[in-house]
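# A closer look at the structure
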Amino acid sequence: MQIMEVSGDFVAYAQQLPGQHNHLLPAKNGPKPSYNEYLALALAKQEACTLLTGDANLRIVANKEQVNVMGTIGLLCAMIENQLLSVDDAFKALDRMKSGKRRLPWPEAEKVLNALR
């Protein structure tokens, strides 16, 4: 990880995103993305890299803005595929997340990890 700077053009881009998208986001997904979340999306777009988020509404906006998105399950899979984490360790991490009251599609997560065994 490293500290990066969002350029002025992309700060302006981030500032216009709420007006463009917030009224379209479903309330069932929780709160609208914060300004900092929109800045993270803008940085991902600026750097042409993947946005890591578990926020459903931010994921919707990122997809509409053609920014690649990866969540917890995708990150675990990428770590396994790059041999940074074993499947067993990924399951242990998933169990810790579950006991920590994280919200994930647990059956889907377990199915995806089982497929990597």
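Presented here is a report on the structure given in the accompanying data block. (Residues numbered from 1 in each chain as written. Predicted model: local features only at pLDDT ≥ 70, side-chain atom pairs only at ≥ 80, totals over all residues. Heavy atoms only, no water.)

When helix α3 (residues 56-64) is considered as a whole, its buried residues turn out to be N57, L58, V61 and A62. All buried residues of α3 lie within an arc of 135° about the axis, which places them on one face of the element. Here the buried face of α3 lies against α1 (8-21), α2 (35-47), β1 (51-52) and β2 (69-70). Between the side-chain oxygen at the start of α3 and the backbone nitrogen of N57 there is a gap of 3.1 Å, and the oxygen is on D55. Count one or two residues on from α3 and you reach Q66, which has phi positive near 60°. (Buried < 20%, exposed > 50% of the residue type's maximum accessible area, 1.4 Å probe, protein only. Helix = DSSP H or I, 4+ residues; strand = E, 2+ residues; numbered from the N terminus. Arc of directions from axis to C-beta. Contact = heavy atoms within 4.5 Å. Polar contact = N/O pair within 3.5 Å; in protein donor to acceptor, adjacent residues only side chain to side chain.)

A separate point is the environment of F91. Within the element layout of this structure, F91 appears in helix α5 (residues 87-99). Not counting residues within four places of it along the chain, the set of residues in contact with F91 comprises E110, L113, N114 and R117.

For the rest of this paragraph, the subject is empty space enclosed by the protein. Applying the stated criterion across every chain, the model contains 1 cavity of 30 Å³ or more. Roughly 30 Å³ of volume is contained in the largest cavity. Of all the elements in the fold, those that place two or more residues in the lining of the largest cavity are α5 and α6 (106-115). Partitioned by chemical class, the residues of the lining of the largest cavity number 3 nonpolar, no polar and 3 charged. (1 Å grid on protein atoms, 1.4 Å probe; cavity = no way out; pocket = protein on both sides within 12 Å on 5 of 7 lines; lining within 4 Å. Points joined across faces, edges and corners; volume = space filled by probe spheres on them. Nonpolar A, V, L, I, M, F, W, Y, C, P; charged D, E, K, R; others polar.)

With that out of the way, let us pick up the nonpolar core. Of all hydrophobic cores here, the largest spans 16 residues; its most connected members are Y38, L41, L51 and V67. In contact with V67, other than residues within four places in its own chain, are L41, A44, K45, C49, L51 and A62. If you look at the next biggest cluster of nonpolar residues, it comprises 14 residues, including C77, V87, A90 and L113. (Core = buried A, V, L, I, M, F, W, Y, C linked by side-chain atoms within 4.5 Å.)

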